[in-house]
Amino acid sequence: MFKKEIHVQFKSYLLYIGFGLAAAMITRLSDFFPNDDLWSFSSIATLFGFWMVTVTLVIYFSSSNINAAINVFVYLTAMNFSFYFLNYVLGFFVQMFDNEGFQWSLFIFFTMFALVCSVISYVLYFWNKENKWSNVLYALPVSGLAAETIGVSIYLYNNHTFLFQLIFNWVSLILLGYWFYRKANNKWIYIATIGMITLIGYLLVYHPFL
């Protein structure tokens, strides 16, 4: 039984490594699109919405706190390495990718960031306890996405760009927000937490750049 569980978890790690490699390829190749037009498809790699949504899904479909932490770490680390490795390789063929060697400093920085996200994922998985704190935990990723959606909305209005990111964020916010709303056992705590954390997140993270 123990060996079977180890085998299942190992398969999940390989799965999320694959997802990380795919995410890196999608986001790296999005750089071929202009970043200053109305749609700005390349924004998917530079803002947080895509990463908040995918990491939240990785946590949700994990089997335990430790499994969630490891899944998130291998997903983000695989994505991180592939993202900068692909940049390094493309630099030999495409002028827009300046090839000054593998960007080790950024790779190490975002690997540490992946480790922080791994710890956060361990905590967020406690939303399965179905107590009052689970309502707060469900609200946290939704709040982060809501804060960015507000910021991107204002940025689009002022600068006429990032439309693709805004649509992605709005659709994800509606689906994820409603999904977790249905799972929350205290809707008022869930909604109140979203309102408070969204406001704080917007004022601290996004408002200074608008």
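Up top is the structure.
Reference entry: report on the structure contained in this document. Because the structure is predicted, anything quoted here is derived from the model rather than measured. All residue numbers refer to positions counted from 1 along the written sequence of the respective chain. The model is predicted, so local features are restricted to residues of pLDDT at least 70 and side-chain atom pairs to those at 80 or more, both for listing and for counting; the totals for chains, interfaces and linings are taken over all residues. The side-chain figures draw on all heavy atoms in the structure; neither hydrogens nor water molecules are used.

**Regarding the overall build of the protein**
When helices and strands are counted, the protein shows eight helices and zero strands. Computed over C-alpha atoms, the radius of gyration of the protein comes to 18 Å, within 12% of the 17 Å expected from 2.2 N^0.38 for 210 residues, which places it in the range of a compact globule. The buried share among the 210 residues of the protein stands at 44%. What sets the accessible areas is the Shrake-Rupley method with a 1.4 Å probe; for residues, cover comes only from the shown protein chains. Surface accessibility of the protein: about 12300 Å² in total, with carbon and sulfur atoms responsible for 74%. Just so you know, the count uses Lys and Arg for positive and Asp and Glu for negative, and it drops His and the chain ends. The atoms used to mark charge sites are NZ of Lys, CZ of Arg, CG of Asp and CD of Glu. Here the protein holds 9 positive side-chain charges and 8 negative ones, and the gap between their average locations is 25 Å. Comment: elements are numbered from the N terminus, with helices defined as DSSP H or I runs of at least four residues and strands as E runs of at least two. Based on C-alpha atoms, the radius of gyration is set beside the globule rule, defined as 2.2 Å times the residue count to the power 0.38. We call a residue buried when its accessible area falls under 20% of the maximum for its residue type, exposed when it is over 50%, and partly exposed in between, using a 1.4 Å probe and counting protein chains only.

**Comments concerning the pattern of salt bridges**
The working definition used for a salt bridge is a side-chain nitrogen of Lys or Arg within 4 Å of a carboxyl oxygen of Asp or Glu. Considering all chains together, one arrives at one salt bridge under this definition. Linking D31 and R28 is a salt bridge whose minimum nitrogen-to-oxygen distance equals 2.4 Å. Summarising the burial analysis for this pair, D31 and R28 share the class buried.

**What about the side chain of S121?**
Structurally, S121 is set in helix α5 (residues 104-124). The class for S121 is buried, based on a relative accessible area of 1%. Whether two residues are in contact is decided by their heavy atoms, any of which lying within 4.5 Å being enough. With residues near it in sequence (within four places) discarded, S121 still touches V55, I59, A68, A69 and V72.

**A closer look at helix α6 (residues 132-159)**
Helical geometry note: an α-helix holds 3.6 residues per turn, so side chains three or four residues apart project in the same direction. Compared with an ideal rise of 1.5 Å per residue, which puts 28 residues at 40 Å, α6 spans 41 Å between its outermost C-alpha atoms and is within 8% of the ideal. Think of it this way: the bend at a residue is just the angle between two axes, each fitted to seven residues, one set ending at that residue and the other starting at it. At L140, α6 is bent by approximately 30 degrees, the largest bend along its length, and proline P141 sits one to four residues beyond. Definition of a polar contact: a pair of N or O atoms within 3.5 Å, with one able to donate and the other able to accept a hydrogen when the atoms are protein atoms, and with sequence-neighbouring residues admitted only if both atoms are side-chain atoms. Backbone nitrogen of W133 and a side-chain oxygen of the N-cap are separated by 3.0 Å at the start of α6; the cap is N131. One or two positions beyond α6, positive phi appears at H160, with a value near 55 degrees. An expected span of 1.5 Å times one less than the residue number is assigned to each helix.

**Thoughts on the nonpolar core**
Buried Ala, Val, Leu, Ile, Met, Phe, Trp, Tyr and Cys residues form a nonpolar core when they are joined through side-chain atoms within 4.5 Å. Counting 38 residues, the largest nonpolar core has I59, Y75, L76 and Y190 as its most contacted members. Of all the elements in the fold, those that place two or more residues in this core are α1 (2-29), α2 (43-46), α3 (49-60), α4 (65-90), α5, α6, α7 (163-183) and α8 (187-206). Top element by residues in this core is α4. It accounts for eight residues. Ignoring sequence-local partners within four residues, the contact set of I59 consists of A68, V72, S121, L124, Y125 and W127. The next biggest cluster of nonpolar side chains, apart from the first, holds six residues, and it includes V152, L156, F162 and L166.

**So, unusual backbone geometry**
You will see that E130, though not glycine, has its phi angle at about 55 degrees, which is positive. Here E130 is to be found in the loop between α5 and α6. We note that F162 has phi near 70 degrees; this positive angle belongs to a residue other than glycine. Its place among the elements puts F162 in the loop between α6 and α7. Residue F162 is classed as buried on the basis of its relative accessible area of 15%.

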